[in-house]
Amino acid sequence: MRRMLSVVIPAYDEEATLPVHLARLVPVLERVDAGGWEVLVVDDGSTDRTAEVVERLGRSPKVRVVRSPANRGKGAALRLGVAATTGELVLTCDADMATPPETLLPFLAALRGGADVVIGDRRGPAARIERPQPWLRRTLGSGYLWLCRSMTGVELADYNCGFKLFRGVVAREVMAATTTDGWAIDMESLALAVRRGYRVVEVPVTWRAGDGTAVRLRRDVAATLAEMVRIWWRLRRAERPGPPP
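Positions within a chain are numbered from 1, following the residues in the order the chain's sequence is written. A pLDDT threshold of at least 70 governs which residues receive local features in this predicted model, and a stricter bar of 80 or more applies before side-chain atom pairs are shown or counted, although totals over entire chains, interfaces and linings include all residues. Just so you know, side-chain values use all the structure's heavy atoms and leave hydrogens and water out.

Enquirer: Provide a residue-level description of the overall build of the chain, including the pertinent values.
Expert: Of regular secondary structure, the chain possesses eight helices and nine strands. Considered along the principal axes of its C-alpha atoms, the chain spans approximately 55 × 45 × 40 Å. Classification of residues uses two cut-offs on accessible area relative to the type maximum, computed with a 1.4 Å probe and protein chains only: under 20% is buried, over 50% is exposed, and between them is partly exposed. Sorting the 245 residues of the chain into buried and exposed places 50% on the buried side. A total of about 11,900 Å² of accessible surface is found on the chain, and carbon and sulfur atoms cover 56% of it. Charge separation in the chain, taken as the distance between the mean sites of 36 positive and 29 negative side-chain charges, equals 3 Å. Runs of E in the DSSP output that reach at least two residues are strands. Runs of H or I that reach at least four are helices, and both are numbered from the N terminus. The Shrake-Rupley method, run with a 1.4 Å probe, gives the accessible areas here. Residue values count only the displayed protein chains as cover. Charged residues are defined here as Lys and Arg on the positive side and Asp and Glu on the negative side; His and the ends of the chain fall outside this count. Every charge is mapped to an atom, namely NZ of Lys, CZ of Arg, CG of Asp or CD of Glu.

Here it is, written out as structure tokens:
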């Protein structure tokens, strides 16, 4: 039985990179299922021609743009894109395709093995890093991981690898329940998935840092820390028993 696959790609000012990366992605989707897929590029208020480039590349209903009227952040873009999906499976991935699209194949195998959510692991011994991030980004990433584990109690090896595969109903339920608009969406969505009893499986990936980044360190680090504190407080409040009947 064919299972429709939806791919959600949040994008901000990606007109130069998307043509190359969509050209790598589409043949993999055709190999997995020649008829049952869709790609939704979420234009997160880009200042360039991201939306126009995707519309020109798409040339079919299989590749389409979901537009955000303003730049709100990765979390808001993912929430908007996932809500628009129709697939029984939902893949989220970054516009720079730092994780090769072929990674979808072992992710699908993990889902068939009983996982509800499959996430990329860039930190384990079986992962392959072809081009690492700069030292400062790696250090900040390690700190982010430690905070995610401490604040959520969920011991994952890698929270924020952008390559994640969900059962469609799980993706739409969990993303709809998130509240953050920024980079901490990975922490919030995975913590919610685990707390709701969904099985999260990590698969080692090949990963290559992109040439550019949408992260603006000074501003985004402070904003992400604030988001993480709000998520932690929300999770703590959810743990507290309600008033007696």
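Enquirer: How would you explain helix 7 (residues 185-195) if you had to name every residue and give the values?
Expert: Of all 11 residues in helix 7, nine are buried, a share of seventy percent or more. What helix 7 keeps buried is the set I185, D186, M187, E188, S189, L190, A191, L192 and A193. The positive-phi residue at the C-terminal boundary of helix 7 is G197, with phi of around 90°.

Enquirer: Lay out the packing of aromatic side chains with the relevant residues and their values.
Expert: Pairing of aromatic side chains here covers Phe, Tyr and the six-membered ring of Trp, requires ring centres within 6.5 Å, and sorts the geometry by plane angle: under 30 degrees stacked, over 60 edge-to-face, intermediate tilted. Applying the stated criterion across every chain yields a total of two aromatic pairs. Here the aromatic rings of F107 and F163 are separated by 5.2 Å at their centres, their planes lie at 85°, and the arrangement is edge-to-face. In this pair, F107 is assigned in helix 4 (residues 104-112) and F163 in the loop between helix 5 (135-152) and strand 7 (164-167), connecting sequence segments 56 residues apart. Exposure remark for F163: the relative accessible area of 2% places this residue in the buried category. When the centroid spacing of 6.1 Å and the interplanar angle of 50° are considered together, the rings of W232 and W233 count as tilted. Assessed through its relative accessible area of 38%, W233 is described here as partly exposed. Taking the ring centre of W207 as reference, the NZ or CZ of R122 above it sits at 5.1 Å. A ring has a charge above it when a Lys NZ or an Arg CZ is no more than 6 Å from the ring centre and no more than 35 degrees off the ring normal.

Enquirer: So, unusual backbone geometry: which residues are in play, and what are the values?
Expert: The backbone phi angle of D13 is positive, close to 55°, even though this residue is not glycine. By secondary structure assignment, the location of D13 is in the loop between strand 1 (5-11) and helix 1 (18-32). The backbone of M97 sits at a positive phi, close to 50°, despite the residue not being glycine. Within the secondary structure layout, M97 lies in the loop between strand 4 (89-92) and helix 4.

Enquirer: Provide a residue-level description of the nonpolar core, including the pertinent values.
Expert: Residues grouped as a nonpolar core are buried Ala, Val, Leu, Ile, Met, Phe, Trp, Tyr and Cys residues, joined through side-chain atoms within 4.5 Å. Counting residues in each nonpolar core, the largest one holds 35 residues, and the members touching the most others are V117, L156, Y159, M187 and M228. Contributions of two or more residues to this core are made by strand 2 (37-44), helix 3 (74-83), strand 5 (117-121), helix 5, helix 6 (168-177), helix 7 and helix 8 (217-239). The leading source of residues in this core is helix 7, at six residues. Counting 34 residues, the second largest nonpolar core, distinct from the first, contains L91, A115, F163 and V203.

Enquirer: Explain empty space enclosed by the protein to me, using residue names and the numbers behind them.
Expert: A cavity here means a set of 1 Å grid points, computed over protein atoms only, where a 1.4 Å probe fits but cannot escape. A pocket is an open set with protein on both sides within 12 Å along at least 5 of 7 lines, and lining residues have an atom within 4 Å of a point. Grid points are joined across faces, edges and corners, and a volume is the space filled by probe spheres set on the points. As enumerated under the stated definition, the model contains one cavity of 30 Å³ or more in all. As a volume, the largest cavity reaches approximately 40 Å³. Surrounding the largest cavity, C93, D94, M97, A98, T99, G162, F163 and W207 form its lining.

Enquirer: Any details on the packing of helix 3 against helix 6? Residues and values, ideally.
Expert: Geometry is summarised by axes, namely lines fitted to C-alpha atoms with helices restricted to the contacting stretch, and by angles between N-to-C directions that run from 0 to 180 degrees. One can describe the packing of helix 3 onto helix 6 by two numbers: an axis separation of 9 Å at closest approach and a directional angle of 140°. As judged from the angle between their axes, helix 3 and helix 6 are oblique. In this structure, the crossing between helix 3 and helix 6 has a hand that is left-handed. Across from L78, R79 and V82 in helix 3, the residues of helix 6 making contact are A171, R172 and M175. Side-chain classes are defined by residue name, with Ala, Val, Leu, Ile, Met, Phe, Trp, Tyr, Cys and Pro counting as nonpolar, Asp, Glu, Lys and Arg as charged, and the others, Gly among them, as polar. Residue classes in the contact of helix 3 with helix 6 are distributed as four nonpolar, no polar and two charged. Relative orientations are named as follows: roughly parallel for angles under 35 degrees, roughly antiparallel for angles over 145 degrees, roughly perpendicular for angles from 65 to 115 degrees, and oblique for any other angle. Left-handed is the label given to a crossing in which the near helix is rotated counterclockwise from the far helix by less than a right angle, and right-handed is the label when the rotation is clockwise. Contact between two residues is taken to exist if any of their heavy atoms lie within 4.5 Å; hydrogens are not considered.

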